[in-house]
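Letter by letter, the chains look like this.
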Amino acid sequence: MEKDVCFVRNIDNILSISDEKLSHKLLIKYQVLEKSVEESNQLISKALGIPIASKVFCFRKVKIVKNEPKCIEKLYIDYNKVPSIEKFDLGEESFHSILKREYDIETNQSEEEILVVDANEIEKKILNLKENSEILLIKKITYIKKHEPLEYCEVSSLTNFYMFRSVVDIK
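The rules behind each value
Residues numbered from 1 in each chain as written. Predicted model: local features only at pLDDT ≥ 70, side-chain atom pairs only at ≥ 80, totals over all residues. Heavy atoms only, no water. Salt bridge = Lys/Arg side-chain N within 4 Å of Asp/Glu carboxyl O. Helix = DSSP H or I, 4+ residues; strand = E, 2+ residues; numbered from the N terminus. Buried < 20%, exposed > 50% of the residue type's maximum accessible area, 1.4 Å probe, protein only. pLDDT = per-residue confidence, 0-100. Phe/Tyr/Trp six-rings, centres within 6.5 Å; stacked < 30°, edge-to-face > 60°. Lys NZ or Arg CZ within 6 Å of the ring centre and 35° of its normal. Arc of directions from axis to C-beta. Polar contact = N/O pair within 3.5 Å; in protein donor to acceptor, adjacent residues only side chain to side chain. Pairing = 2+ DSSP bridges. Axes fitted to C-alpha atoms, helices over the stretch in contact; angles between N-to-C directions.

## Let's talk about the pattern of salt bridges
Here's step 1: Inspection of the entire model under this criterion finds eight salt bridges.
Here's step 2: For the salt bridge of Lys 140 with Glu 112, the shortest nitrogen-to-oxygen distance reads 3.9 Å. Separated by 28 residues along the polypeptide, Lys 140 in strand E6 (residues 134-144) and Glu 112 in strand E5 (residues 109-118) bring together distant segments of the chain.
Here's step 3: Taking the relative accessible area as the measure of exposure, Lys 140 reaches 4% and is therefore buried.
Here's step 4: Beyond isolated ion pairs, a larger network of salt bridges with shared partners links Lys 81, Lys 145 and Glu 148.

## Digging into the confidence of the model for the protein
Here's step 1: In this model, the protein carries an average pLDDT of 86, and 85% of its residues clear a pLDDT of 70 or more.
Here's step 2: Ranking the helices and strands of the protein by mean pLDDT puts helix H1 (residues 42-48) first, with 97, and strand E1 (residues 7-10) last, with 62.

## Thoughts on the packing of aromatic side chains
Here's step 1: Considering all chains together, one arrives at five aromatic pairs under this definition.
Here's step 2: Considering the side-chain rings of Phe 57 and Phe 59, the 5.9 Å spacing of their centres and the 35° angle between planes classify their relative orientation as tilted. For the residue pair Phe 57 and Phe 59, the accessibility class agrees, reading buried in each case.
Here's step 3: With 6.5 Å between their ring centres and 80° between their planes, Phe 88 and Tyr 103 make a pair best called edge-to-face. In this pair, Phe 88 is assigned in the loop between strand E4 (68-78) and helix H2 (95-103) and Tyr 103 in helix H2, connecting sequence segments 15 residues apart. Here Phe 88 matches Tyr 103 in class, with each residue buried.
Here's step 4: In textbook terms, an aromatic cluster arises when at least three aromatic residues are bridged by ring pairs, as seen for Phe 57, Phe 59 and Phe 95.
Here's step 5: Residue placement shows Lys 61 over the ring face of Tyr 30; its charged tip is 4.2 Å from the ring centre.

## Quick look at H2
Here's step 1: Those residues of H2 not exposed but buried are Phe 95, His 96, Ile 98, Leu 99 and Tyr 103. Projected down its long axis, H2 carries its buried residues within an arc of 155°, all on one side.
Here's step 2: N-cap assignment for H2: the residue whose side-chain oxygen lies 3.2 Å from the backbone N of His 96 is Ser 94.
Here's step 3: Following H2 by one or two positions, Asp 104 has its phi on the positive side, about 55°.

## Some points on the pairing of E4
Here's step 1: Counting buried positions along E4 yields nine of 11 residues, so the element is predominantly enclosed.
Here's step 2: In the sheet, strand E3 (residues 55-65) pairs with E4 via 10 bridges, with the strands oriented antiparallel. When the bridges of E4 are listed, Phe 59 appears paired with Leu 75.
Here's step 3: Where E3 folds back on E4, the antiparallel hairpin that results is connected by two residues, among which Lys 66 adopts a positive phi of roughly 55°.
Here's step 4: In the sheet, E4 pairs with strand E7 (residues 148-157) via seven bridges, with the strands oriented antiparallel. Paired with Ile 72 across the two strands is Ser 156, which belongs to E7.

## With respect to the sheet that holds E6
Here's step 1: As summarised here, the arrangement of the six strands in space is E2-E3-E4-E7-E6-E5, forming an open sheet in which the pairing is antiparallel. Across the chains shown, the open sheet's two edge strands, defined by having one partner strand only, are strand E2 (28-39) and E5. The mean angle between the axes of side-by-side strands here comes to 15°, regardless of whether they run parallel or antiparallel.
Here's step 2: With 11 bridges connecting them, E2 and E3 associate as antiparallel partners. Looking across to E3, one finds that Val 37 is bridged to Phe 57.

Structural data, given as structure tokens:
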């Protein structure tokens, strides 16, 4: 029996969730479920530091490992920072690679909140979960420059997909 795939997430590393695939030898595919430009709600506006009803680019994709859906990533970014980003193929290339190449944007800091929550109906359907299943929910804000919010992301994953690791250097 083959061992389940588990990604080690170094909590003290800025490496994006999508870019972690570069450090693994597995074939990882993405299926883009939606990409749109919409108005920000109160939660997204607060996270991004923009007025309510500002234009944000939103996209949602599923990370598929060994032909099994493992997590859903939903990302919001101020559309003024990335005009016309919807024209790019976000299923083939890392979002942060596109930001760097096309918009000269690089992240330098992130904050994450990690929760275990009940899966909603959409998550159960996409991730092939049973009733009363729990998921790991990662809420993340990524920053550029002087602590300027760039993106707000929610990752809903199988609870055994990520293993978290932190190294503390006490001097």
